[in-house]
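If you want the building blocks of each chain, they are given just below.
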Amino acid sequence: MKFFFSFFDRKDAPRRKRKTGRQTRFYQFLESSPAIAFLIFIIVTGAFIALSTIGVSPLGVSIFPNQPSPVTVQSTIDFTYESPLETEREKERRVQRIIPTFRPSLEHYEAFADHLRTLFRDLNELDESWEDLSEDEQDQRLDALMRNQAESFSYTLTRRNLRMLIQQMDLEERNLARDQSLRILRQLHQQGIYLSEDFRTGDQTEDQEFIIFQREVLSSDQPAQHLTPRTATRSLNERLEGDFSRPLARVLTDICRPAIVPNLVFDEDRTELLRQRERDRTRPVQVSIRSGETLVESGQPVTPEQHERLQVYRDLLIEQQDSFLFFNEQVVHRSLLILGLLLSAVVYIRIEDRETLKSNSRLFLLGLLAIFNLALIWLLVYLGTLPGIRENPTFLHLLPYLAPTALAPIMVAILVGQRPAIYMALLVSFLASLIFGLRMETFVTAFLSSLVGIYFCQQIRYRSRLVRAAFLSGTVVATAALVFGIIEFDWKEWQESLLVPAQIGSALVVGFLTGIILVGILPLFESLFRRTTDISLLELSDTNHPLLKKLQIVAPGSYHHSLMVANLSENAAQSIGANGLLCRVCALFHDIGKTIKPEYFIENQQNGINPHLDRNPSFSALIIKSHVKEGVDMALDYRLPKVIVDVIKQHHGTSLIQYFYHLAKTRGTPEEEAETGKQVSEATYRYDGPKPQFRESAIILLADSIEAASRSLKKVNPQAIDELIEKIAQDRINDDQFDECPLTFAEIAEIQKSFSRTLLNMFHSRIEYPDDKKKDDKKKDDAPKESKNA
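Residues numbered from 1 in each chain as written. Predicted model: local features only at pLDDT ≥ 70, side-chain atom pairs only at ≥ 80, totals over all residues. Heavy atoms only, no water.

Undergrad: Which residues make up the overall build of the protein chain, and what values go with them?
TA: What the protein chain contains, in helices and strands, is 34 helices and seven strands. Put simply, of all contacts in the protein chain between residues at least 6 apart along the chain, 78% involve residues at least 24 apart. Entry remark: accessible area of the protein chain is about 42700 Å², with carbon and sulfur atoms responsible for 54%. (Helix = DSSP H or I, 4+ residues; strand = E, 2+ residues; numbered from the N terminus. Contact = heavy atoms within 4.5 Å. Areas by Shrake-Rupley, 256 points an atom, 1.4 Å probe, with all protein chains shown as cover.)

So, in C-alpha cells, the structure goes:
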C-alpha cells in the first residue's frame, strides 16, 4: 500500500502547479460588490411582485368558495349572464319531476303457464280412467296429483276443484279453459301488476305514481291502467265468467290465483332516457345583477352561487376599458407592500446577520429559495383558475393546504442558519397569504408549520430526519385544518364533513412530499453555493475517505494526532455552542499535507532518524510550513468543502515556528547573517496564514498546539495540564492570532476548561498488573538474606 501512494510522490515525477485556493478577482467582485447585491435585490423584488400579481383579480383579492370573504364586493355595473350552476339545478328540479318508468316482466307468467299446462295434462290422463276407479282410488289419485303440483309450484289445490274440472268438463272444454285462462293471465301480466304500498309516495294518487311502459303491447309511452293483485284477480274472474259458468270460473280463478303477483320491474334505461330528454329541453337560466347590488359580504362564507357571480364580474371588469387602470392600481398596492417587506428584511439581516450582507452568493441563495417556494405556491393557484378546476369547490378548498410553505424556511435553516430561516418563514407565509387573498388563517398556519420544521432541523445529520421535520410541519397544517373545520363547517352536511379529512390528508401528504423534495435538491444547492451542511460533514467524517486512508498509512503519527485534535476541538466547540461536527471533520483533514514529506514531522519519525539534523533551520521551517499549502492543494484536488480548505489554511494562523526560530538564533549561520545583518527574520519562521476567521478554526488552532505540546509533558496531572493550556492560549492571544475571529475571552476560558477535561481523560492512568516472574526473582534475592539473618 505504501508503494501505491509513493508512486504519486516520486521525486522524478513532474511537479504540478500548486493550487492556492484563492478566489479570482472576478469571483471576489461577484461575491462582495454592492452593485451585485443591489441587482440581486431588484431581481428578487421583481420576482416577488410578479408571482404575487400575475393573474391578480381586479377585485383586489382572491376569493374562494366556502371560505369567508375578506372584503365586501358590490357590483359597479349591470350585467346578465347564463348561470351554469343555476341551469344545472333547474335541470335537476325538472328531472325530479320525471315519473319513474316500469316494465312488466313475464318470467313469473311463463313459469306458471308451464305448470298449468302440466296440471291439465295430468287431469286429462286421469279422466281416461276416472270411471273405472272407485271413490277411494279417485281420492288417492287426486291427492298424488296435488302433491306433485305442490312440489313444482307453491299453491294449494282442493279435491273439489279438481273433481269439478274432471266431472263437469270434457277434454275439449278443459283445453279451452286452460288456453283461455293463460290468455287472460298474459294480458294481465302485460298490463302490469303492482302493490300500491311499494310505490306510493307522499300524497300522490295511484294514477300519478309511475308509468308502465309495455314494450310488447304499446308502441308509444302510454300510461296503462294500474293493477293491484286484488283488481287483477277480480278482472280474471269476471272475464272467465263470460266464457264459463260461475262455479267453473271461480274454480279456474282459484287455480290461477298464484300467477297473480306483482311483476313490474324498474326500467332504468327508459327512465334515464326520459330524464336526459328533459335535461336537453331545459333552457339556460339567466341571472341579472344590478349596479350597487352586493355580491358577497365581508366575513361571510362564499356560496357557490356567489363565487360564480364573482368570477363573471371579474371577467367583465377585465374586459372593460378602465380595468387595466384598476388592475394597475392593485399591482401598485402589492408592489409597495412587497417592497416594504423586503426593505424590512434588509434591515433585519443588517442587524442580526451581517455575514449575509457581505456575501452576495448567500443573498442570492436566500432569494432563489424564496422565489422557488413562491413559484410552487403560485403554480397551485394557477391550476385553480383553469377551466374545469375552478368550478370544483372541493379542489379550491384544498388549495391553502396543498401549498408547501415550509420548503424554503427548512432549506434556509439547513444551508444558512436558524435566524435567517425564521425571517424566511415570515416572508414566505405573508406572501402566501397575499396570494391566497390576505387570509390571516393561512398566514398563521404557514408560519407555525415553518417554525416547527425549523425547530426540528437543528443540528440535523441524517437525511431521514429532514423528511421527518417536513412531515411534522405538515402535521401542524393538518391540525389547523381540523380546528378550522370544527369551527367553520356544518358537520351535518356530509360534503363538508368529508372535506375536513381531505384537507388533513392533503396537509400530511404535502409535508411528506416536501421532505422528499428537500432531500433531492439539497445536494444541488450545496454544490452550487458551496454550502456545507451537517449531513455532508457527517459523510466526510468516514475514516475510509481516500485522504484519511492515505494519512493512516503514510503518516500514522499525524493521523493519530488528527484524531486527538478532533476529540479536543469537538468537545470544546460544543461547550461554547459552536459546531462540534464541523470542528471534528476539519480536524481530521487539517494535517493531510504532511503525507507529502511525513518523515520531517516528529510524530512520524521512527528509529531515531531526524532529517532536520542535516538541514538548515530556515529550510526545515520552509518544509514545516509547506504542509499547509500541500494540504490545501490536496483538499482542492479532492473537492473538499471550502470550510475545510479554510481550516487547513488557518489552523496555524501566522504563528511562529518557535523551535527552528530559536535554533536559528542560537546557531547564527553565515548565510542568515549575510541576509539579515546578524538578525534572524521572524517572517521566515512564521506561517503564511491567514489568521482564524471563525470560531471553529480558532478552536482547532488551539487544540492542534495543545495536543502536540501535551506529548512533551514529563508528568501528567491536572495542574501541569492546566498550566500548559493556559501558557499556549496566552501565547496565541499575545501573538494576536484571534484578532480576526469572533471569539470572546469568556469562550476562550470555557474552551480551556474543556481541553483540560478531555486531556485528563485521554491521559488517564491504569493499574499495574502483577508480573509472576518478577515476584519469583524477588523471592530468590530475599532468600539468602533471610538465611543469613537466621
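Undergrad: Which residues make up the confidence of the model for the protein chain, and what values go with them?
TA: Per-residue confidence for the protein chain averages 81 on the pLDDT scale, and 81% of its residues sit at or above 70. For residues 1-16, every residue scores under 50 in pLDDT, and the model assigns this stretch 11 contacts once sequence neighbours within four places are set aside. Across residues 321-327, confidence stays below pLDDT 50; counting only partners more than four residues off in sequence or on other chains, it has six contacts. (pLDDT = per-residue confidence, 0-100.)

Undergrad: How would you explain a nonpolar patch on the surface if you had to name every residue and give the values?
TA: Taken together, the side chains of Phe471, Val509, Phe512, Leu513 and Ile516 make up a nonpolar region of the molecular surface, amounting to roughly 430 Å² of accessible area. Among the elements that line the nonpolar patch, the one with the most residues is helix α22 (residues 494-528), at four residues. Within the secondary structure, Ile516 sits in helix α22. What makes Ile516 partly exposed here is its relative accessible area of 42%. (Patch = residues over 30% accessible without salt bridge, like charges linked within 9 Å, V, L, I, M, F, W, Y side chains within 5 Å. Salt bridge = Lys/Arg side-chain N within 4 Å of Asp/Glu carboxyl O. Buried < 20%, exposed > 50% of the residue type's maximum accessible area, 1.4 Å probe, protein only.)

Undergrad: A description of unusual backbone geometry should follow, citing residues and the corresponding values.
TA: Following Gly689, the chain continues into Pro690 via a peptide bond in cis, with omega recorded as 10°. Summarising the element assignment, Pro690 is placed in the loop between α30 (670-676) and α31 (695-710). You will see that Arg530, though not glycine, has its phi angle at about 55°, which is positive. Take Arg530: it is sitting in the loop between α22 and α23 (534-540). Its identity as a non-glycine residue notwithstanding, Arg639 has a phi of 55°, on the positive side. With respect to the helices and strands, Arg639 occurs in the loop between α27 (617-637) and α28 (642-650).

Undergrad: Which residues make up the pattern of salt bridges, and what values go with them?
TA: One pass over the full model with this rule turns up 25 salt bridges. As a salt-bridge pair, Asp114 and Arg117 come within 3.4 Å of each other at their nearest N and O atoms. Here Arg117 and Asp114 lie together in helix α5 (residues 107-128), a separation of three residues that amounts to about one turn. Looking at Arg117, the relative accessible area reads 38%, which means it is partly exposed.

Undergrad: Which residues make up the pairing of strand β6 (residues 286-289), and what values go with them?
TA: Look at any regular strand and the pattern is simple: side chains alternate between the two faces of the sheet. Burial along β6 is one-sided: the residues Val287 and Ile289 are buried and none of Gln286 and Ser288 is. The pairing of strand β2 (residues 79-82) with β6 spans four bridges and is classified as antiparallel. Paired with Tyr81 across the two strands is Val287, which belongs to β6. (Pairing = 2+ DSSP bridges.)

Undergrad: Give me α31: which residues, what numbers.
TA: For α31, spanning 16 residues, the distance from its first C-alpha to its last is 22 Å, which sits close to the expected 22 Å at 1.5 Å a residue. Burial of α31 is extensive: 14 of the 16 residues sit out of reach of the surface. (Expected span 1.5 Å × (residues − 1).)

Undergrad: Lay out the side chain of Ser655 in plain terms, naming residues and giving numbers.
TA: Within the element layout of this structure, Ser655 appears in the loop between α28 and α29 (658-667). Relative accessible area serves as the criterion here: at 5%, Ser655 is assigned to the buried category. Within the structure, the side chain of Ser655 is placed 2.6 Å from the backbone oxygen of His652, a separation counted as a polar contact. The contacts of Ser655, once residues within four sequence positions are left out, are Tyr685, Arg686, Tyr687, Asp735 and Gln737. (Polar contact = N/O pair within 3.5 Å; in protein donor to acceptor, adjacent residues only side chain to side chain.)

Undergrad: Account for the environment of Ala47, with residues named and values stated.
TA: Within the secondary structure layout, Ala47 lies in helix α3 (residues 34-53). What makes Ala47 buried here is its relative accessible area of 19%.

Undergrad: Tell me what's going on with helix α26 (residues 580-589), and back it up with residues and numbers.
TA: Counting buried positions along α26 gives nine out of 10 residues, so the element sits mostly inside the fold. Gly580, Leu581, Leu582, Cys583, Val585, Cys586, Ala587, Leu588 and Phe589 are the residues of α26 that are buried. In this fold, the buried residues of α26 make contact with α23, α24 (546-554), α25 (556-575), α28 and α31. Two or three places before Leu581, at the opening of α26, Asn579 has a side-chain oxygen 3.2 Å from that residue's backbone nitrogen.

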